[in-house]
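# An overview of the molecular structure
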Amino acid sequence: MELIPAFLKQTRGELVPARVPVPHAATYSAQHKGLKSIIGAYRHTIDRAIHTYLKREIKNLPALGSPIVSLGYRSSRRACFAAGKRLRPILTMAAYRAVGGRNENAVLEPSLAFEFFHAYTLVHDDIYDEDDIRRNEPSVHAGLTAWFRNKHKKDARRRTLLYKNRAKRFGVVGGVLGGECLHNICIGAILNSKISLEKKIEGMKIYKEAAQADNACQLLDLALETEHLTARKYRLLARYKSGKLMRAAVEWGAVLGGGSPSQRRALGAYAEHLGQAFQIKDDILDIGLRGEKGRPAGSDLREGKKTLLLLRALRVGSASDRRDIARVFGKIDAPAGQIRRAIGVFERTGSVAYCERVARRTITAGIAALETAQPAFRKDAKDFLVKLAKFTIDRTS
């Protein structure tokens, strides 16, 4: 019998972190080696806030008397607790303090908005990319597929017009709807916040821009399956895939803290550079040479994803190197040995080192953008943002 993910069985009593206060601003001056503990403290606080907020919001959602509807809500809820650093709410609160905000606890709940948005994009990304694993756990659609297969067994094997069986259809459709549920919860975190109407309107403008960027990014990603990849297109994809959402997070923090237009622009430029570097680092982590991304090494190769790593290797590699890549590119069932050889090409051709240099130059440009703000940012919060940027490209997961 197929293992059903625990989150689809668990209805109450989930483990959540004990209440931890938002880290005090004095901790921002800690050395880089202590940054992980600061991020950990933030994450405990944010996870607790997510648990409290979702428990209240999902309780008020219409279940329509159906256990299947409740199952969908539950799977969406658990998607928010996948392993991660909570960078977006951390960025929101750091930006809030940078522009002069003094009470992070007061903006803790609205700071969750773009974390819910991020969770929604991941649920849908796993469907688009046909990924059944997310950080060593079943993705939402894969978990729902497994639940249906075990619940309905014989009926689950019946084919449908678009899907190879009803279990797969249930999982994919349920995953799409679960992502949309999180999308709406993101909006609620903005509109239900105890802030002025003007700030809510600004928040919704930021949300609209993030949603448009996400749609454009997914369409470009789809187009690149058949179009030729260039360095310019890759930078554009990275900017929209990660940079725009991080920009939304910091601009939202600046709005909550009453920041000036100059401060919003500076934070936005910083965040877009941060997001681009983050995406490049993610591509490196995918091949498993510098850390663990939480899914099989070489997944991007198997899925036919065109990355800066790939672009560089094809450009500078030998004919033999290009053949090693071609054997596995876009082939889901490529043998592990061939995957290892293709990954070796990235290292041997210097493509990994090249991408790491590009990521560091990008981070340097983002940090420089912080200096353009008028009035200047609070020093402690700005120092934290600088260290956070450097940590982003030094991470191993």
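We now turn to the structure provided with this report.

Here is what the cut-offs are and how they apply
Residues numbered from 1 in each chain as written. Predicted model: local features only at pLDDT ≥ 70, side-chain atom pairs only at ≥ 80, totals over all residues. Heavy atoms only, no water. Helix = DSSP H or I, 4+ residues; strand = E, 2+ residues; numbered from the N terminus. Contact = heavy atoms within 4.5 Å. Areas by Shrake-Rupley, 256 points an atom, 1.4 Å probe, with all protein chains shown as cover. 1 Å grid on protein atoms, 1.4 Å probe; cavity = no way out; pocket = protein on both sides within 12 Å on 5 of 7 lines; lining within 4 Å. Points joined across faces, edges and corners; volume = space filled by probe spheres on them. Nonpolar A, V, L, I, M, F, W, Y, C, P; charged D, E, K, R; others polar. Expected span 1.5 Å × (residues − 1). Buried < 20%, exposed > 50% of the residue type's maximum accessible area, 1.4 Å probe, protein only. Core = buried A, V, L, I, M, F, W, Y, C linked by side-chain atoms within 4.5 Å. Salt bridge = Lys/Arg side-chain N within 4 Å of Asp/Glu carboxyl O.

With that settled, consider the overall build of the protein chain. Looking only at helices and strands, one finds 15 helices and 2 strands in the protein chain. Partitioning the intrachain contacts of the protein chain with sequence separation of at least 6 by distance along the chain shows that 75% fall at a separation of at least 24. For the protein chain, the accessible area works out to roughly 18800 Å², and carbon and sulfur atoms hold 54% of it.

Roughly 510 Å³ of internal volume is contained in the second largest pocket. Lining the second largest pocket are 17 residues, with Glu130, Asp131, Asp132, His141 and Lys168 sitting closest to its centre. Breaking the lining of the second largest pocket down by element, the ones donating at least two residues are helix H4 (113-128), helix H6 (166-191) and helix H10 (299-302). Looking at the lining of the second largest pocket residue by residue, the class counts come to 7 nonpolar, 2 polar and 8 charged.

The subject of this paragraph is helix H7 (residues 197-223). Between its terminal C-alpha atoms H7 stretches 39 Å, which fits the 39 Å expected from 27 residues at 1.5 Å a residue. Among the residues of H7, Lys200, Gly203, Ile206, Tyr207, Ala210, Ala211, Ala213, Asp214, Cys217, Gln218 and Asp221 are the ones counted as buried. Where H7 is buried, its residues contact H4, H6, helix H8 (231-256) and helix H9 (261-286).

Turning our eyes to something else, we now look at the nonpolar core. Formed by 107 residues in total, the largest nonpolar core has its most connected members in Leu91, Phe114, Phe116, Phe117, Leu267, Tyr270 and Phe346. If we ignore the near neighbours within four places in the chain, the residues touching Phe346 are Ile287, Leu301, Leu309, Leu310, Ala313, Ile325, Ser351 and Val352.

Looking now at empty space enclosed by the protein. Enumeration according to the criterion identifies 1 cavity of 30 Å³ or more in this entry. For the largest cavity, the calculated volume is near 70 Å³. Lining the largest cavity, in full, are Asp283, Asp286, Ile287, Asp300, Leu301, Lys305, Thr307, Leu309, Leu310, Phe329 and Phe346. Among the elements of the structure, H9, H10 and helix H11 (308-316) are those that each provide at least two residues to the lining of the largest cavity. Among the residues forming the lining of the largest cavity, the class breakdown is 6 nonpolar, 1 polar and 4 charged.

Here the focus is unusual backbone geometry. Gln374 connects to Pro375 through a cis peptide bond whose omega is -10°. In this fold, Pro375 is placed in the loop between helix H14 (351-369) and helix H15 (379-394). Non-glycine residue Leu64 carries a positive phi angle of around 55°. Relative to the helices and strands, Leu64 resides in the loop between helix H1 (35-59) and helix H2 (67-79). Phi is positive for Lys153, which is not a glycine, with a value near 35°.

With that settled, consider the pattern of salt bridges. Two side chains of opposite charge can pair, provided their charged atoms sit close to one another. Scanning the model with the defined rule gives 28 salt bridges in all. Here Arg86 and Glu115 are joined by a salt bridge, their closest N and O atoms 2.9 Å apart. With a gap of 29 residues between them, Arg86 in the loop between H2 and helix H3 (87-98) and Glu115 in helix H4 connect regions that are remote in the sequence. Overall, the relative accessible area of 4% leaves Arg86 in the buried class. Put simply, Lys244 and Glu272 hold a salt bridge, and the shortest N to O gap is 3.1 Å. With Lys244 in helix H8 and Glu272 in helix H9, this residue pair connects regions lying 28 residues apart in the sequence. Considered together, Lys244 and Glu272 belong to a single accessibility category, that of buried residues. Linked through salt bridges whose partners overlap, the residues forming this network are Glu202, Lys205, Arg239, Lys244, Arg247, Glu251, Arg264 and Glu272.

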